[in-house]
Amino acid sequence: MPLVGHETFYRYVQDRRIVYIGGKLGGGKTSLAFRIAWDLMQTGRFRYIISNVNSVWNEDPSDVILRDGVKVDAVVILDEAGDFMRTEREARQWIRNLRKINVVLILPSFDTPASVAKAIAIENTFNGYGIFIPYYRYTGKLKSTTYTEDISFGWWKPHEIYGIYDTDGFPSDNAPALLQHLERWQSEASKALGYGGDDGGTDVHSATLETLEEIERQLDRLNQV
């Protein structure tokens, strides 16, 4: 069953490319991450689910083949991302150029990551299982440099996702390896588009990164207000 009232949320996800799922321990953060990943896969715009959590849906990042030499088409779930995105610098290593290579990052984490990784931030604010109703309610915010907008949606029968990943397990320590894959894909895409070569010309790719980083700095300042 689709998430209830999901249309606006998924439009934001496609636009911002990064979602932070916060909340208490055992609050269904990782469950929602995999549900979001599944829904994104059903759009036909993504081909891979990659995660540092053991899951029957996971693909080996080494097996990823870039579409047209540029697009990764992946939903990447980084469980407990707050452990390795504590600073703005650490977070930016993950989030730059996501649109260009068609990647969405989903960050379920008890510890809060750096502000720049929270353009979309949601958490479970109602757990119906306590009154025998299989329903979760999520609320949160979309933040930009010019406005903030509330987000809300529901999820009937979230237990249906159980078994897809190891709910009793721990995220693996392969986050550095995943980051290396992400950086490699970005480099390959940049070269395929004619940037970052060895011809001594202007590095348009670097100029684009500088502009992106300035936008991210503005967003980070807004989030800290």
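Note that the structure is predicted; figures quoted are calculated from it, not measured.

A. Structural view of the nonpolar core. Judged by nonpolar contacts, the single largest core of 31 residues is most densely connected at Phe9, Ile106, Ile120 and Ile122. The set of elements that each furnish at least two residues to this core consists of helix H1 (7-16), strand S1 (18-22), helix H2 (29-42), strand S3 (74-77), strand S4 (103-108), strand S5 (120-127), strand S6 (135-143) and strand S7 (148-156). With residues near it in sequence (within four places) discarded, Phe9 still touches Val19, Ile36, Ile120, Ile122, Ile151 and Phe153. With 30 residues, the next largest nonpolar core counts Tyr48, Ala74, Ile101 and Ala119 among its residues.

B. Seen up close, the confidence of the model for the protein chain. Put simply, the protein chain has an average pLDDT of 87, and 86% of its residues get 70 or more. At the low end of the mean pLDDT range in the protein chain sits helix H6 (residues 204-223), at 50; at the high end sits S3, at 98. Between residues 197-211, whose pLDDT stays under 50, and residues either more than four places distant or in other chains, the model counts nine contacts.

C. Spotlight on unusual backbone geometry. Despite not being glycine, Asn97 shows a phi value in the positive range, around 65 degrees. On the secondary structure map, Asn97 appears in the loop between helix H3 (88-95) and helix H4 (98-101). Relative accessible area serves as the criterion here: at 8%, Asn97 is assigned to the buried category. The phi angle at Phe132 is positive, at roughly 65 degrees, despite the residue not being glycine. By the element assignment, Phe132 lies in the loop between S5 and S6. Accessibility expressed as a relative area gives 81% for Phe132, which makes it exposed.

D. Molecular detail of helix H5 (residues 175-192). When the terminal C-alpha atoms of H5 are compared, their 26 Å separation across 18 residues agrees well with the 26 Å that a helix rising 1.5 Å per residue should span. Listed in full, the buried residues belonging to H5 are Ala175, Leu178, Leu179, His181, Leu182, Trp185, Gln186, Ala189 and Ser190. Phi turns positive one or two residues past the end of H5, at Gly194, with a value near 95 degrees.

E. Quick look at the pairing of S7. In terms of strand pairing, S6 meets S7 through nine bridges, oriented antiparallel. Each residue of the ladder has a partner; that of Tyr135, found in S7, is Trp156. Between the antiparallel neighbours S6 and S7 lie four residues.

F. Geometry of the packing of H1 against H2. Relative to each other, H1 and H2 sit at 80 degrees, their axes nearing to 12 Å. On the basis of the axis angle, H1 is roughly perpendicular to H2. Where H1 abuts H2, its residues Phe9, Tyr10, Val13 and Gln14 lie against Arg35, Ile36, Asp39 and Leu40. Taken together, the residues of the contact of H1 with H2 break down into five nonpolar, one polar and two charged.

G. Just a nonpolar patch on the surface, in detail. Side chains of Val4, Phe126, Ile131, Ile133 and Trp156 sit close together on the surface and give an oily, nonpolar patch of about 410 Å² of accessible area. If you trace the backbone, Trp156 turns up in strand S7. Note on Trp156: relative accessible area 35%, which makes it partly exposed.

H. Representation of the side chain of Ser55 in the model. By secondary structure assignment, the location of Ser55 is in the loop between strand S2 (48-51) and S3. Separated by 3.0 Å, the side chain of Ser55 and the backbone nitrogen of Trp57 make a polar contact. A distance of 3.1 Å separates the side chain of Ser55 from the backbone oxygen of Ile164, its partner in a polar contact.

I. Representation of the sheet that holds S1 within the structure. If you trace the seven strands from one edge of the open sheet to the other, you get S2-S3-S4-S1-S5-S6-S7, paired in mixed fashion. Either end of the sheet is taken by a strand with one partner, and the two such strands are S2 and S7. Neighbour to neighbour, the strand axes of the sheet diverge by 20 degrees on average, direction disregarded. Where S2 lies against S3, four bridges are found, and the strand directions are parallel. Across the sheet, the residue bridging to Ile50 is Val76, located in S3.

Conventions and cut-offs
- Residues numbered from 1 in each chain as written.
- Predicted model: local features only at pLDDT ≥ 70, side-chain atom pairs only at ≥ 80, totals over all residues.
- Heavy atoms only, no water.
- Core = buried A, V, L, I, M, F, W, Y, C linked by side-chain atoms within 4.5 Å.
- Buried < 20%, exposed > 50% of the residue type's maximum accessible area, 1.4 Å probe, protein only.
- Helix = DSSP H or I, 4+ residues; strand = E, 2+ residues; numbered from the N terminus.
- Contact = heavy atoms within 4.5 Å.
- pLDDT = per-residue confidence, 0-100.
- Expected span 1.5 Å × (residues − 1).
- Pairing = 2+ DSSP bridges.
- Axes fitted to C-alpha atoms, helices over the stretch in contact; angles between N-to-C directions.
- Parallel < 35°, antiparallel > 145°, perpendicular 65-115°, else oblique.
- Nonpolar A, V, L, I, M, F, W, Y, C, P; charged D, E, K, R; others polar.
- Patch = residues over 30% accessible without salt bridge, like charges linked within 9 Å, V, L, I, M, F, W, Y side chains within 5 Å.
- Areas by Shrake-Rupley, 256 points an atom, 1.4 Å probe, with all protein chains shown as cover.
- Salt bridge = Lys/Arg side-chain N within 4 Å of Asp/Glu carboxyl O.
- Polar contact = N/O pair within 3.5 Å; in protein donor to acceptor, adjacent residues only side chain to side chain.

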